[in-house]
Amino acid sequence: MKNNRHELVFVLDQSASIEQWIDEAPKALKALFKKQKKEQLETKATITVFGNEYRTVCENKDIEKVSPNSKIFETSGVCPFIDSMYRTIDDVGARLAKTYEDERPSKVIVTLVVFGRDNASKKHTYEQLRELIRQQREVYKWEFFLVTDFSIVMEKLAIPEDNTVIFHRDAETPFTDAYNELSELIDKCRGEAAANNC
């Protein structure tokens, strides 16, 4: 593995509940990416979005070349986050399995940004997704973060409370606030990984 390479994976909700922040959301994500450019670390980014359809916006791309914009947030009325999160984890895992060992990132950090209940997943259940997350955390040492305004998501996915950022809809800049907090958590995780040479 490349000890100085990390991959940040974002699974983003496109449901209509974010429509009022369609301009702020990509700007806040872009600011987070700027903060995650590290001199001592090579950072790759993968972004998938879900709603009426599942889409890969970018895959394993140098973070300095990723520029999120409002086009990635084409809002929809459905929220199949269980299937979408499962697919993203599965796809990233399959890609890394085909990657030469010395080219794989030493740390993979996955963030799910979701609002409300799943109302459209057909292939997988909460239990299956929770088990997949557990496997990736325990066997492959992936880290998982969650940004949400819905506490039951955290409980059902078994993502630690310390790795969860609560999205406050009544804030003046909710995405900016949430991603600032998330960036600090990711910084801590990456710093610990670098200190441990992993």
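For the structure, check the block above.
Cut-off values and rules
- Numbers given to residues run from 1 along each chain, matching the order in which its sequence is written.
- In view of the model being predicted, local features appear only for residues whose pLDDT reaches at least 70, and side-chain atom pairs are presented and counted only at 80 or more, with totals across whole chains, interfaces and linings using the full set of residues.
- Each side-chain value is derived from all of the structure's non-hydrogen atoms; neither hydrogens nor water enter the calculation.
- Patch rule: a residue counts if its relative accessible area is over 30% and it has no salt bridge; like charges are joined within 9 Å, and nonpolar side chains (Val, Leu, Ile, Met, Phe, Trp, Tyr) within 5 Å.
- With residues, only the protein chains shown are counted as cover, and all accessible areas are computed by Shrake-Rupley using a 1.4 Å probe.
- Just to be clear on terms, a salt bridge is a Lys or Arg side-chain nitrogen sitting within 4 Å of an Asp or Glu carboxyl oxygen.
- Residues scored as charged are limited to Lys and Arg (positive) and Asp and Glu (negative), so that His and the chain ends carry no count.
- To locate a charge, take atom NZ for lysine, CZ for arginine, CG for aspartate or CD for glutamate.
- To qualify as a helix, a DSSP run of H or I must reach at least 4 residues; to qualify as a strand, a run of E must reach at least 2; elements of each kind are numbered from the N terminus.
- We call two residues in contact whenever any of their non-hydrogen atoms come within 4.5 Å of each other.
- Three labels apply to residues, based on accessible area from a 1.4 Å probe with only protein chains included: buried if under 20% of the type maximum, exposed if over 50%, partly exposed otherwise in between.
- Note: two strands are recorded as paired if DSSP finds a minimum of 2 bridges between them.
- Here an angle of 0 to 180 degrees is reported between the N-to-C directions of two axes, which are lines fitted to C-alpha atoms, with helices fitted over the stretch in contact.
- For this analysis, a ring pair means two rings from Phe, Tyr or Trp (six-membered ring only for Trp) whose centres lie within 6.5 Å, classed as stacked if their planes differ by under 30 degrees, edge-to-face if by over 60, and tilted for the remaining angles.

**A short note on a negative patch on the surface**
Then comes step 1: Taken together, the side chains of Glu172, Asp177, Glu181 and Glu184 make up a negatively charged region of the molecular surface.
Then comes step 2: By the secondary structure assignment, Glu184 is in helix α5 (residues 174-195).

**So, the environment of Pro174**
Then comes step 1: With respect to the element layout, Pro174 can be found in helix α5.
Then comes step 2: With 146 residues separating them along the chain, Pro174 and Ala28 place their C-alpha atoms 9.3 Å apart.
Then comes step 3: Among residues more than four places away in sequence, those in contact with Pro174 are Trp21, Glu24, Phe167 and His168.

**Quick look at unusual backbone geometry**
Backbone phi values are negative for most residues with the exception of glycine, while trans is the configuration of most peptide bonds.
Then comes step 1: The phi dihedral of Asn60 falls on the positive side, at around 50°, and the residue is not glycine.
Then comes step 2: Checked against the element boundaries, Asn60 lands in strand β3 (residues 54-62).
Then comes step 3: Its relative accessible area of 31% is what places Asn60 among the partly exposed residues.
Then comes step 4: Positive phi, normally seen in glycine, also occurs at Ala158, with a value near 60°.
Then comes step 5: The exposure class assigned to Ala158 is partly exposed, which follows from its relative accessible area of 44%.

**Details of the sheet that holds strand β4 (residues 105-114)**
Then comes step 1: The strand order β3-β2-β1-β4-β5-β6 describes an open sheet built from 6 strands, whose pairing is mixed. A strand with exactly one partner marks an edge of an open sheet, and here the two such strands are β3 and β6 (164-166). Within this sheet the neighbouring strands show an average axis-to-axis angle of 15°, counted without direction.
Then comes step 2: Against the sheet, helix α1 (residues 24-35) engages β1 (2-13) and β2 (42-50), with an angle of about 170° to β1.

**Here we look at the packing of aromatic side chains**
Then comes step 1: Evaluated as defined, the whole model comprises 9 aromatic pairs.
Then comes step 2: Seen in terms of ring centroids, Trp21 and Phe167 are 5.3 Å apart; in terms of plane orientation they differ by 75°. Their pairing is edge-to-face. In this pair, Trp21 is assigned in the loop between β1 and α1 and Phe167 in the loop between β6 and α5, connecting sequence segments 146 residues apart.
Then comes step 3: Through successive ring pairs, a cluster of aromatic residues spans Trp21, Phe115, Phe167, Phe175 and Tyr179.

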